[in-house]
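The primary structure of each chain is shown beneath.
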Amino acid sequence: MVTDSGATVESWLVRKPVVFAVIIGATGVFLPLFTIREHRLDGGTGLSLLSASVPYSVFLTACLMVPVVISLVRMPARVRAGFLAGIGSVLIVLPWLLAATIGSSVLVERELGLGRVAPAGGFWFLILSGIILFSEFSRAAQGWTGTLLVVAISLCLFVMFWLGLLEDIAFIREYRVREERFFSELIAHLRIAAMAVGSAVLVGVPAGIASYRYPVVRKPVFSVVSGLQTIPSLALFGLMIAPLAFLSQRYPFLRQLGIRGIGNAPAIIALFLYSLLPILRNTYTSLSVMDPAVIEAGKGMGMTQKQLLFMLEIPVALPIILSGIRVASVQTVGNTTVAALIGAGGLGNFVFQGLGQAAPDLIVMGVIPIVVLAIVIDRVFGFFIGRAIPGVRTVE
Amino acid sequence: MIEFDRVVKYYGTHRALDGVTFTVPDGCVTVLIGPSGCGKSTSLKLVNRLLEPDDGYVRVDGRPVKSFAVEELRRGIGYVIQSAGLLPHMTVQDNIGLVPRLLGRDKTWRRTRALDLLELIGLDPHSYARKYPSQLSGGEAQRVGVARALAANPPVLLMDEPFGAVDPLNRETLQNEFISLQRKLKKTVIFVTHDLDEAVRVADRIVLMQDGLVIQEAAPEELLGHPSNAFAREFVGTDRALKRLGRFSVSDYMSQDTSRVESEDHTSVPASATLREALSRILAVPSDQIPVRDAQNRILGSISLEAIRRAGYGGAST
């Protein structure tokens, strides 16, 4: 009885994401895969996979059938998960290969030397279905399977890029024109985000500890910080301009430090204020949910207040504090995009340029690295949170 | 020796301790017992100053605890609590070495000490030293909690319902282990519990408390034999005579005479058992006495219903 119902639950948990991924992937087969543009401002014409290449359509459909078959066949859970994650990886890499082959050949056929292949709905849907399969099953595959697949995906994409196979893709075109600026903006983006989160850690963690230690402090600190969170980011950036402009007029040394109404300073300050809440809240919560027996044991063994904090409370709270910093980091990498509006650097510059020029490829070029950054940062934190404190059970 | 001298403690307006006076002699186990809210845990925490009294004195070896620097006092007193309170981010070995670390002992010393103590409490040092608390069972964690309290070799041990969170079967094992450990170590122990059977098993002396007052301070046999008032009588229960038999050992009351023992008797009792167990076994056979065997299963003599009755009635033991 028990095993029966267990198996049903398990297979349902396996099937749900599979069904979801397959529906999305199948939709991708029918949607236009690419938009073929004559030049960057051209509206372009859609190109669906079915109309472009029958063999590829068959192959893709087969790829989408495999997960369905696998989820119905009896096999050990981790083997199944490994297969599904593998298929997911194929679905992530395949669209790029299609762009390099079908897309490029269409450009040659239509004699569009300066034309470009802009990824369209079908392209993104296929990748999305791959990501669903991969992220659902890579962990259940256990061991190094997930890591190996990530390395394989990255390697495939990098090799394609390095061999020049992806040059016809629209946002790669945009990137090629701005290669140097891309890297300086990427670094600016990271610098702004890191300075904001870094200072939020320096303020938020002590504030969280203080709120826990001195209940009097808690209310005012929390109401100010949560209040800040309710201001829309765009408005907060705007609000920074006037007071900072005034201050830098008034005190020339501030201007020498680079603090003006627009630019990096207001952006970093606003992003810093946004990062405070998750860090403060997690620090406070991690300390206040701690097992009172552990603290009593620490006191009873003769720890001083300082030893209690540094040898016991902070180490035990660390996983939760780190997840606060993780949330703040991911959120800030995204919000830094908006900072471009008030003259701060960063990848947001490309996004807003693209919006201004009605050039969607440029927007995509700015957005892709932001998304990748956010995912990488999230995973890096997940890795450290899961391993830094071996004795403490954590949610990864 | 630890003395409580007219100690008063308030929680807000509630008088948790109402002039408590008792003494804890060196080298034996004094159990504080009573219903919840009687002030037993509060009293315990006054010794290592997790709480401070509002009036009266707590003295250790004649010196008021107030006169010690609080951290120093605590490092000199072993402390065991109900849910073990092991630090989750440290290995078993580091948990045990914590007080020595606070006292500035070096790493090698702490490691050796931790391994010795694991041996002493009956956990294999090499498989347990590097485990984390989350990998231990409740009973194992509690043993490590005791080892940690012993690490700096303190003369005094405070135990706050140390086995309260362990299942009954394991609890009895832990109690027996504690009793044999205490026979070797002769610490001055204050042991808080609300479980009378546990108290009778481990105590040299029992302090019975109710509503912040000491009702009776006596040896377990005395408390069970002569409860001093109605509350004490009710607390020790109607089976107090039986419980009292649990304090006496078969070996002290058996007769060496083996002539009346039939060798084919299946029911026998080990010499190390209590009279309570012996009685229970005699009641299950038609005869008035059963053989007593040693650990090697050899017959040493017999124990009779008559001998048990004499012990229970308060007859002198030999």
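Predicted model only: the values in this text are computed from it and were never measured. (Residues numbered from 1 in each chain as written. Chains lettered and ligands numbered in written order. Predicted model: local features only at pLDDT ≥ 70, side-chain atom pairs only at ≥ 80, totals over all residues. Heavy atoms only, no water.)

Student: Got a sec to walk through the interface of chain A and chain B? Specific residues and values, please.
Tutor: Taken together, the contact between chain A and chain B spans 20 residues of the former and 23 residues of the latter. Around 1,900 Å² of area is buried between chain A and chain B when both sides are counted, 67% of it from carbon and sulfur atoms. The tally of links from chain A across to chain B stands at one salt bridge. Of the charged contacts in the structure, one is a salt bridge between Glu296(A) and Lys45(B), with a shortest N-O distance of 3.7 Å. Where chain A touches chain B, the interface holds five residue pairs in polar contact (both at pLDDT 80 or more). Within the residue set of the side of chain A that touches chain B, elements represented by two or more residues are helix 13 (292-300) and helix 14 (305-339) of chain A. Residue contributions to the side of chain A that touches chain B peak at six residues, all from helix 13 of chain A. Classifying every residue of the side of chain A that touches chain B by side-chain character gives 12 nonpolar, five polar and three charged. (Contact = heavy atoms within 4.5 Å. Buried area = accessible area lost by both parts, 1.4 Å probe. Salt bridge = Lys/Arg side-chain N within 4 Å of Asp/Glu carboxyl O. Polar contact = N/O pair within 3.5 Å; in protein donor to acceptor, adjacent residues only side chain to side chain. Helix = DSSP H or I, 4+ residues; strand = E, 2+ residues; numbered from the N terminus. Nonpolar A, V, L, I, M, F, W, Y, C, P; charged D, E, K, R; others polar.)

Student: Now, about the sheet that holds strand 3 (residues 116-119) of chain A: what can you tell me, with residues and values included?
Tutor: All names here are of chain A. Strand order in this open sheet of three strands is 2-1-3, and the pairing throughout is antiparallel. For this open sheet the edge positions go to strand 2 (45-48) and strand 3, each flanked by a neighbour on one side alone. Geometrically, the sheet is characterised by an average inter-axis angle of 35° between neighbouring strands, direction not taken into account. The pairing of strand 1 (residues 32-37) with strand 3 spans four bridges and is antiparallel. Bridged to Thr35 within strand 3 is Ala118. (Pairing = 2+ DSSP bridges. Axes fitted to C-alpha atoms, helices over the stretch in contact; angles between N-to-C directions.)

Student: Please provide a residue-by-residue account of the sheet that holds strand 13 (residues 299-304) of chain B, values included.
Tutor: Whenever strands of a sheet pair, they do so through backbone hydrogen bonds, lying parallel or antiparallel. With mixed pairing, three strands are arranged side by side in an open sheet as 11-12-13 (chain B). The sheet is open, and its two borders are formed by strand 11 (269-270) and strand 13 of chain B, each paired with just one other strand.

Student: Describe the environment of Phe222(A), listing the residues and the values that go with them.
Tutor: Residues and elements named next belong to chain A. In this fold, Phe222 is placed in helix 9 (residues 215-230). Judged by relative accessible area, Phe222 falls into the buried class, the value being 17%. Residues Phe222 and Val151 lie 71 residues apart in sequence; the distance between their C-alpha atoms is 42 Å. Ignoring any residue separated from it by four or fewer positions in sequence, one finds Phe222 in contact with Ser211, Gly227, Leu280, Arg281 and Tyr284. (Buried < 20%, exposed > 50% of the residue type's maximum accessible area, 1.4 Å probe, protein only.)

Student: Give a detailed account of the confidence of the model for chain A, specifying residues and quantitative values.
Tutor: Residue and element names in this part refer to chain A. Put simply, chain A has an average pLDDT of 86, and 94% of its residues get 70 or more. In the model of chain A, helix 1 (residues 2-30) stands out as the element of lowest mean pLDDT, 71, in contrast to helix 8 (residues 179-213), which has the highest, 94. For the stretch residues 1-6, pLDDT sits under 50, and the model shows zero contacts to residues farther than four places along the chain or on other chains. (pLDDT = per-residue confidence, 0-100.)

Student: Which residues make up the pattern of salt bridges, and what are the values?
Tutor: All names here are of chain A. For the coordinates displayed, the defined rule picks out 22 salt bridges over all chains. Ionic pairing is found between Arg40 and Glu174, a salt bridge with its closest N-O pair at 3.0 Å. A residue pair is termed long-range when its members are at least 10 positions apart, and Arg40 in the loop between strand 1 and strand 2 and Glu174 in helix 7 (residues 170-177) qualify at 134 residues. A salt bridge links Arg116 to Asp361, with the nearest nitrogen and oxygen atoms 2.9 Å apart. Placement of Arg116 in strand 3 and of Asp361 in helix 16 (residues 360-388) is noted, with a sequence separation of 245 residues between them. Accessibility expressed as a relative area gives 9% for Arg116, which makes it buried. A single salt-bridge network, built from bridges that share partners, covers Arg37, Arg40, Arg116, Glu174, Arg178 and Asp361.

Student: Any chance you could break down the domain arrangement of chain B for me, citing the residues and the numbers?
Tutor: All names here are of chain B. Assigned domains of chain B: these are domain 1 (2-245) and domain 2 (250-313). Spacing between the C-alpha centres of domain 1 and domain 2 amounts to 35 Å. Between domain 1 and domain 2 the total buried area reaches about 520 Å² when both faces are included, carbon and sulfur atoms providing 58% of it. Per-residue buried area on domain 1 facing domain 2 is highest for Leu242, Arg244 and Leu245; these three make up 85% of the total on that side. Taken together, the links from domain 1 to domain 2 amount to zero salt bridges. At four residues, helix 12 (residues 240-245) tops the list of elements feeding residues into the side of domain 1 that touches domain 2. Residues that form the side of domain 1 that touches domain 2 fall into these classes: two nonpolar, no polar and four charged. (Domains from an automatic or database assignment.)

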